[in-house]
Amino acid sequence: MNKKRIAASITSLGLALTAGASIVSAADTVNYQASADYSTIQGTNQWQYEKLSGTTYSKLTYQTGASRWDNGGTYPWITANAQHPGNDADSVRTWIAPANGTITITGAVEKGSADGDGILATIKKDDTTLWSQKVQSTTGVTPSGVSKIAVQKGTAIHFIVNRVGSISFDHTLWNPAIAFTPAADVPDDHSLSIVEFGAVANDGKDDYAAVNAAITAARAQGKDVYVPAGTFQLSDIINVNSVTLKGAGKDKSILTSTNPERGSIDLTGTSPALRDLKHEYATVVPRGNGENEKNSITVRSATNFTIDQVLVNKASTAGILVKESTGGTITNNTVQNTNADGIHMTGGSSGITVQSNLVQHVGDDTIAVVSYGTDLDAAGRPEATHNIRILNNDVGYDSGARGITVVGGHDVWIESNSIQRTQMAGIYIATEGKYQTQPVNNITVNNNTLDSTAQKPTGGHAEMLVYGGYSANTNDIVIDNITFTGNTSRNATKFPAGVWGSAKVGNVTFINTTIINAPYPEKYKFENGIVTWEGTKVFPK
């Protein structure tokens, strides 16, 4: 169709068209057909009329007297609904995609006469053959495998008629139709929509292959992958390798994993990112041994990763797990209804900021820094998770275990967080024998508010608890240089502060602690370490 026709069609669908620009808004299908769109001007209605010699396409000229496009008055030629090859060149009718999207091609091919040795009919997408078949009779042959083909603005779809042998009786009736669906809501020229690769929103079918294809193409082209508004289904793990996967908003673009055992979105490589979308599981299974394939998001050996404005809803294990990764941000996300931790960093990960997230109703700790004894660097030496900033998060809300935890690790800042309604400690600094975790050193806990934490009647936790539960060497200090400053404990169910455990604990300091509505007259319970409370050493006495 011509530009006026495109504008009219798009306007009727509630779309916007800018002269010379791609169609970038969601649209219903726009139909093109060779005969209806036939013109005496090249390029009108997206159609061109060409010949192909070897690998070279060149334009035919329009002959008014014959009402056809041909090669200077001879073969090959093209009319509204027919083509004829030449001895030295094929007849080619070409459609050019006006924007990114998908197409479905219909229209049978048949000989105008049963005489002759037949023709070879071919459909190509740029240089890639989509379909090709020899046609020898007047019985129509319908092309196959040409549905939901992804195209980008400028993609050429060639309908080619080749002579095979003699050009005698090679008059070929072919009136192809193209149903074009523009890619939905592509936000910029730097993005490829998963719709371009065959994903269909809200149809209840698996979109795994389309999303994978989009990621592969985006990585090759240096572009982002866009998930438009709607629900798309994933049957297996998606690997977001060194690209950005982004949506239209975490309440609009939804990726639903249908396999509860293998549904993680993995971030790998350099600068992978996940933004502005929702990831959820259709169903979950028990967490078992905590297999990472069952997480919602798993960051695996990535550098400079980003997870921002993502809604995680349900996972068989963790919401967001970061392992063996460096330099990343986890910001402005909502994590809820998981069977394990909300946000978990381990495997010697470092240089990570976790800020302004809402973590609620998760099955274990809301935000955790963990260093296992089996976490080793390239030289086989223990490598603790370190240099982690946990800032301005709002967590708890009936979560199943602790609030913010450091169980093995060093150089961690826990600042200005709100922690409420957890079963165990609101802030927990510890080593644990069950997991043979590494030592803890240099943890700063500033200006946090804890409200109604450590609610489990048999839990025995303080709201702010330092617990020396394990030491690989009983003579070593396993927890040292822990400082709590300016924190508020409100509605404690047990002790606001505590330090205990069987392993050796070094210096623990509490400064400017505000306690509101505590159940006991005692503000703390200290049984281990060298503890200073408001400027006074109180343990050991």
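Novice: Teacher, can you tell me more about the pattern of salt bridges here?
Specialist: Opposite charge on two side chains permits pairing when their charged atoms draw close. Counted according to the given criterion, the structure contains 13 salt bridges. For Arg421, the salt bridge is made with Asp398, and the minimal N-O distance between the two is 3.2 Å. Taken together, the positions of Arg421 in strand β38 (residues 418-422) and Asp398 in strand β35 (residues 394-399) put the pair 23 residues apart, joining distant regions of the chain. With relative accessibility at 30%, the residue Arg421 sits in the partly exposed group.

Novice: Just checking my understanding: could you explain the layout of surface pockets for this structure?
Specialist: To locate leftover empty space, one rolls a probe as large as a water molecule over the atoms. In this structure, the largest pocket spans a volume of roughly 610 Å³. Around the largest pocket, the lining is made up of 28 residues, and of these Arg287, Asp341, His344, Tyr372 and Tyr435 lie nearest the centre. Looking at the lining of the largest pocket, the elements that each hand over two or more residues are β27 (320-323), β30 (343-346), β33 (367-370) and β36 (404-407). Taken together, the residues of the lining of the largest pocket break down into ten nonpolar, ten polar and eight charged.

Novice: In this structure, what is going on with the side chain of Asn528? I would like to understand it.
Specialist: One can find Asn528 in the loop between β49 (524-526) and β50 (530-533). Overall, the relative accessible area of 11% leaves Asn528 in the buried class. Those residues in contact with Asn528 that lie beyond four places of it in its chain are Val499, Trp500, Gly501, Ser502, Ala503, Val505 and Phe539.

Novice: Would you explain the nonpolar core in this entry?
Specialist: Burial of nonpolar side chains together is a common tendency in soluble globular proteins. Residues Ile414, Ile429, Phe484 and Phe510 are the most contacted members of the largest nonpolar core, which totals 71 residues. When residues in this core are grouped by element, the largest group, six residues, is from helix α2 (residues 208-221). Among residues more than four places away in sequence, those in contact with Phe510 are Met464, Phe484, Ala497, Val499, Phe526, Val531, Thr532, Trp533, Glu534 and Gly535. Val30, Tyr49, Ile103 and Ile119 belong to the second largest nonpolar core, which has 29 residues in total.

Novice: Please clarify how the sheet that holds strand β5 (residues 68-70) should be interpreted in this entry.
Specialist: Taken together, six strands build an open sheet; the order of strands is β4-β5-β6-β7-β15-β10 and the sheet is antiparallel. The open sheet has two edge strands with one neighbour each: β4 (61-63) and β10 (109-111). Where strand β7 (residues 82-84) lies against strand β15 (residues 172-174), two bridges are found, and the strand directions are antiparallel. Bridge pairing links Ala82 to Leu173 in β15.

Novice: Would you mind going over the sheet that holds strand β13 (residues 149-151) with me for this structure?
Specialist: Remark on secondary structure: sheet strands pair via backbone hydrogen bonds, oriented parallel or antiparallel. Spatially, β1-β16-β9-β13 is the arrangement adopted by the four strands of the open sheet, whose pairing is antiparallel. Each end of this open sheet is capped by a strand with a single partner; those strands are β1 (30-33) and β13. Across the sheet, the mean angle from the axis of one strand to that of its neighbour is 30 degrees, orientation sign disregarded.

Novice: What's the story with α2 in this structure? I'm lost.
Specialist: The end-to-end C-alpha separation of α2 is 20 Å, in line with the 20 Å expected for 14 residues at 1.5 Å each. Turning to α2, its buried residues number three or more, namely Ala210, Val211, Ala214, Ile215, Ala217 and Ala218. Residues of α2 that are buried make contact with β17 (191-193), β18 (224-227), β19 (230-234) and β20 (238-241).

Novice: Honestly, unusual backbone geometry in this entry has me stumped. Any pointers?
Specialist: One can expect most non-glycine residues to show negative phi and most peptide bonds to be in trans. With an omega of -5 degrees, the peptide bond running from Tyr75 to Pro76 counts as cis. For the bond from Phe539 to Pro540, the omega torsion is -5 degrees, close enough to zero to count as cis. Locating Pro540 in the fold gives a position in the segment after β51 (536-539). For Ser271, which is not a glycine, the phi torsion comes out positive at approximately 55 degrees. The backbone phi angle of Ser356 is positive, close to 60 degrees, even though this residue is not glycine. Among the structural elements, Ser356 can be located in the loop between β31 (350-355) and β32 (358-360).

Novice: Would you mind going over the packing of aromatic side chains with me for this structure?
Specialist: How two aromatic rings sit relative to each other is given by the distance of their centres and the angle of their planes. Counting across every chain of the model gives 17 aromatic pairs. For the pair Tyr38 and Tyr49, a centre-to-centre distance of 5.5 Å together with 75 degrees between the ring planes defines the contact as edge-to-face. Of this pair, Tyr38 sits in the loop between β1 and β2 (47-53) while Tyr49 is found in strand β2, placing the two residues eleven residues apart along the sequence. Among the aromatic residues, ring-to-ring pairing joins Phe484, Phe510, Tyr524, Phe526 and Trp533 into one connected group. Sitting above the plane of the Trp413 ring, Arg389 keeps its charged end 4.3 Å from the centroid. Geometry around Trp500 places Lys525 over its ring, the cationic atom sitting 5.1 Å from the centre.

Novice: Before we go on, may I ask you to explain the pairing of strand β25 (residues 297-300) in this structure?
Specialist: Two faces belong to every sheet, and in a regular strand the side chains alternate between them. Here three bridges tie strand β23 (residues 265-268) to β25, and the two strands are oriented parallel to one another. Opposite Leu267, over in β25, you have Val299 as the bridge partner. Pairing analysis gives four bridges linking β25 to β27, with the strands arranged parallel. Residue Ile297 lies in a different strand from β27, and its bridge partner there is Ile320.

The rules behind each value
- Residues numbered from 1 in each chain as written.
- Predicted model: local features only at pLDDT ≥ 70, side-chain atom pairs only at ≥ 80, totals over all residues.
- Heavy atoms only, no water.
- Salt bridge = Lys/Arg side-chain N within 4 Å of Asp/Glu carboxyl O.
- Helix = DSSP H or I, 4+ residues; strand = E, 2+ residues; numbered from the N terminus.
- Buried < 20%, exposed > 50% of the residue type's maximum accessible area, 1.4 Å probe, protein only.
- 1 Å grid on protein atoms, 1.4 Å probe; cavity = no way out; pocket = protein on both sides within 12 Å on 5 of 7 lines; lining within 4 Å.
- Points joined across faces, edges and corners; volume = space filled by probe spheres on them.
- Nonpolar A, V, L, I, M, F, W, Y, C, P; charged D, E, K, R; others polar.
- Contact = heavy atoms within 4.5 Å.
- Core = buried A, V, L, I, M, F, W, Y, C linked by side-chain atoms within 4.5 Å.
- Pairing = 2+ DSSP bridges.
- Axes fitted to C-alpha atoms, helices over the stretch in contact; angles between N-to-C directions.
- Expected span 1.5 Å × (residues − 1).
- Phe/Tyr/Trp six-rings, centres within 6.5 Å; stacked < 30°, edge-to-face > 60°.
- Lys NZ or Arg CZ within 6 Å of the ring centre and 35° of its normal.

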